[in-house]
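Listed below are the residues making up each chain.
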Amino acid sequence: MSDASTPALLGQRPALQTLSTNSAPWDAIVIGGGITGAGILLECARRGLKVLLVEQKDYSWGTSSRSSKMVHGGLRYIAQGEVALTRHALQERERLLTELPDLVVRMPYIFPIRQGRFPGRLPMTIVLKLYDALAGIRDHRWMSRGELLQAYPDLYAEGLRGAMRYTDALTDDCRLVMRVLQEAVLEGAKARNYTEVMGIQPSATGSTLTLRDTDTGAVIELQAKQVFNATGSWADRLSGAPAVVRPQRGTHLFVSKLRLPMRDCLTIKHPTDGRPVFIFPWKGQTCIGTTDLDHKGGLNQEPHCTQAEIDYLLTVVNSEMPSIRLTRQDILSTMAGVRPIISSGKGNDPSKERRDHLVWQAHGVTSVSGGKLTTFRQIALDALKTASVIGKTRHRHALMSRKKRCFNHTVISPHGLNSPVEGMAQGAALKDQIEWILRNEMVEHLDDLMLRRLRAGVLLADAGESLLNEIEPLCQLHLGWDSARWKVECLRYRHVIAQSYRLG
Ligand SMILES: Cc1cc2nc3c(=O)[nH]c(=O)nc-3n(C[C@H](O)[C@H](O)[C@H](O)COP(=O)(O)OP(=O)(O)OC[C@H]3O[C@@H](n4cnc5c(N)ncnc54)[C@H](O)[C@@H]3O)c2cc1C
């Protein structure tokens, strides 16, 4: 597919010195290239601000490539009484389904109901009526026991009464971040990955930021009138205020769809703690997740899961579908992410902490953390209001208006929710996809391409090793990598995969 008609997208990484604006300050600098930073970048650019986003690693390297990929209101949040959070999220879900139909797709969710277990059919029906009403749709129904067992014959049949079927949506979180960044760039914003903010000092014009190119070590100082600290789990480091973030790790397992075939997202209550765990089809394989634990590890290393987390997730499958007998050997890959949770300070059970976001200000820095992938637009608008970039009325109007689109530009790219699992079968399509990414998505390292842009590292049994021969000449052509660079990149990629995405 051609992208000749598409105006300048992210493209290649600009030289560090080009970020200097000859003593004129940036209107705003956004720190953090996850979904929150991307959303703020877009909303600033749309209002005509001269705005730059910097990310210390790769775009979406933090939590925003490691979520459960659900664009949803969150049924459990409504059950916890968080109606406003759920309503906003559902409105955003509907908006994204309409505006990005290639990237955000409606997905049936199935919640089996068992004799004597809470919740039963009646409470689930009441909750789903409200859930659908908040979204402005009616898309739930009862599935009989026979219909359920026909669709999922491996389900443990004893005590099974049937299931509630409803719909939510799935996406590829990394691709969603890239799409928001591309939209922002088309609105005039700039962005640079592998650029860390080392410090922020108040200055006459607002703030002076010290930035470091994490690949070369080069340092530069930039002036900005506004600073948005959208660094998620890292937010306390730059906020200049007392700590509020409680980092919590969630892990997913990927298994072959041949071993655990799924057409819908099955929601199972874990037999030991009653937490809902999802088993769902994702880009040609099956994903199981998630866990929810305090994360004690360093934030700058790739998070990885523990044996206890793997056992926890295998248990949920094997207790609900005992004949499947899923084992460690069936696991293609694991993916752990660290959720930025705004701490209640009460030391609650990690699953019980609230999931909404917080915006706060100190020393001229507007910080934002927490929330959801789904609500990135609302989070961005709240941050802009707190920083007085928009007033209360414009904020309310932008939030409520169903007419205003989030995505006004067309980005002609050959992917959406395409997967290398299917792409392997259509070699030419996958090559087109890779070339488009290399030209337009600021790939700096092989793991950017393999783990985030393509997802080959998590979806393919060999982590995409069999594709590397084909990819090397493309990186040479589009990124100018010689064979020495290629070898370094392959070593780096294999190290990341072995350390954090594969069982030892
Ligand atoms: C297991 C799990 C499952 C989830 N499932 C869902 C779901 O299904 N649906 C949903 O809506 N939400 C979900 N979430 C929540 C959602 O993923 C997060 O709320 C969201 O991704 C947070 O985005 P963010 O941009 O705030 O943070 P991040 O994506 O972490 O981005 C912050 C970025 O800041 C960068 N950074 C840090 N310090 C610096 C610095 N000094 N200089 C430059 N850059 C810096 C980091 O490298 C990082 O990339 C889930 C979260 C987890 C962990």
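Owing to the predicted nature of the structure, the values given are computational and were not obtained by experimental measurement.

This paragraph deals with the confidence of the model for the chain. Averaged over every residue, the pLDDT of the chain is 93; the share at 70 or more is 96%. Across residues 1-6 the pLDDT falls below 50, and counting only partners more than four positions away or on other chains, this stretch makes 12 contacts in the model.

All right, on to the site of the ligand then. Looking at the ligand, there are 36 residues lining it, with Thr36, Glu55, Ser64, Met70 and Thr374 nearest. In this structure, a nitrogen atom belonging to the ligand sits 2.7 Å away from a main-chain N or O atom of methionine 70. Within the complex, the protein chains bury 98% of what would otherwise be the 1,000 Å² of accessible surface of the ligand. If you list the elements that add at least two residues to the shell around the ligand, you get α1 (35-46), β8 (195-203), β11 (245-255) and β16 (331-342). Along the lines of polarity and charge, the residues of the shell around the ligand split into 10 nonpolar, 20 polar and 6 charged. Here the shell around the ligand spans two domains, since at least three of its residues come from each of domain 1 (16-64 + 174-243 + 352-400) and domain 2 (105-170 + 246-350).

On to the packing of aromatic side chains. Applying the stated criterion to the full structure yields 6 aromatic pairs. On the numbers, 5.4 Å between centres and 40° between planes, the contact of tyrosine 109 with tyrosine 166 is tilted. Of this pair, tyrosine 109 sits in strand β4 (residues 105-114) while tyrosine 166 sits in strand β6 (residues 160-170), placing them 57 residues apart in sequence. The burial state of tyrosine 109 is the same as that of tyrosine 166; both residues are buried. Measuring from centroid to centroid gives 6.1 Å for tyrosine 131 and tyrosine 166, while their planes differ by 90°, and the two rings are edge-to-face. You can see tyrosine 131 sitting in helix α4 (residues 121-135) and its partner tyrosine 166 sitting in strand β6, a full 35 residues away along the chain. With respect to burial, tyrosine 131 and tyrosine 166 carry one shared label: buried. An aromatic cluster of at least three residues, connected via ring pairs, comprises Tyr109, Tyr131, Tyr166 and Phe278. Just above the ring of tryptophan 61 sits the side chain of lysine 57; from NZ or CZ to the centre is 4.8 Å. Sitting over the ring of tryptophan 282, lysine 283 keeps its end group 5.5 Å from the ring centre.

Entries for the chain in the domain assignment read domain 1 (16-64 + 174-243 + 352-400), domain 2 (105-170 + 246-350) and domain 3 (420-501). Its C-alpha centre places domain 1 at a distance of 32 Å from the equivalent point of domain 2. Residue-level contacts link 18 residues of domain 1 with 18 residues of domain 2. Each partner contributes to the roughly 1,500 Å² buried at the junction of domain 1 and domain 2, and carbon and sulfur atoms together form 49% of this total. Run the count over domain 1 and domain 2 and you get 0 salt bridges. Viewed at the interface, domain 2 and domain 1 are joined by 6 residue pairs in polar contact (both at pLDDT 80 or more). Mapped by element, the contributors of at least two residues to the side of domain 1 that touches domain 2 are β17 (357-362) and β18 (365-370). Of the residues belonging to the side of domain 1 that touches domain 2, the class tally is 3 nonpolar, 7 polar and 8 charged.

Negative phi is the rule for most residues except glycine; trans is the rule for most peptide bonds. At the junction of phenylalanine 118 and proline 119, the peptide bond is cis and its omega measures out at -5° in the coordinates. Mapped onto the elements, proline 119 comes out in the loop between β4 and α4. Following glycine 289, the chain continues into threonine 290 via a peptide bond in cis, with omega recorded as 20°. Residue placement: threonine 290 occurs in the loop between β14 (285-289) and β15 (293-294).

To continue, consider helix α15 (residues 468-479). Looking only at α15, the buried set comprises Leu468, Ile471, Leu474, Cys475, His478 and Leu479. Down the axis of α15, the buried side of the element spans an arc of 115°, and every buried residue falls inside it. Seen from the buried face of α15, the exposed residues on the opposite side, beyond 90 degrees, are Asn469 and Leu477. Its buried side turned inward, α15 meets α12 (427-440), α13 (446-453) and α16 (483-501). Positive phi shows up at glycine 480, right after α15, with a value of about 70°.

Analysis parameters
- Residues numbered from 1 in each chain as written.
- Predicted model: local features only at pLDDT ≥ 70, side-chain atom pairs only at ≥ 80, totals over all residues.
- Heavy atoms only, no water.
- pLDDT = per-residue confidence, 0-100.
- Contact = heavy atoms within 4.5 Å.
- Near = heavy atom within 4 Å.
- Polar contact = N/O pair within 3.5 Å; in protein donor to acceptor, adjacent residues only side chain to side chain.
- Areas by Shrake-Rupley, 256 points an atom, 1.4 Å probe, with all protein chains shown as cover.
- Helix = DSSP H or I, 4+ residues; strand = E, 2+ residues; numbered from the N terminus.
- Nonpolar A, V, L, I, M, F, W, Y, C, P; charged D, E, K, R; others polar.
- Domains from an automatic or database assignment.
- Phe/Tyr/Trp six-rings, centres within 6.5 Å; stacked < 30°, edge-to-face > 60°.
- Buried < 20%, exposed > 50% of the residue type's maximum accessible area, 1.4 Å probe, protein only.
- Lys NZ or Arg CZ within 6 Å of the ring centre and 35° of its normal.
- Buried area = accessible area lost by both parts, 1.4 Å probe.
- Salt bridge = Lys/Arg side-chain N within 4 Å of Asp/Glu carboxyl O.
- Arc of directions from axis to C-beta.

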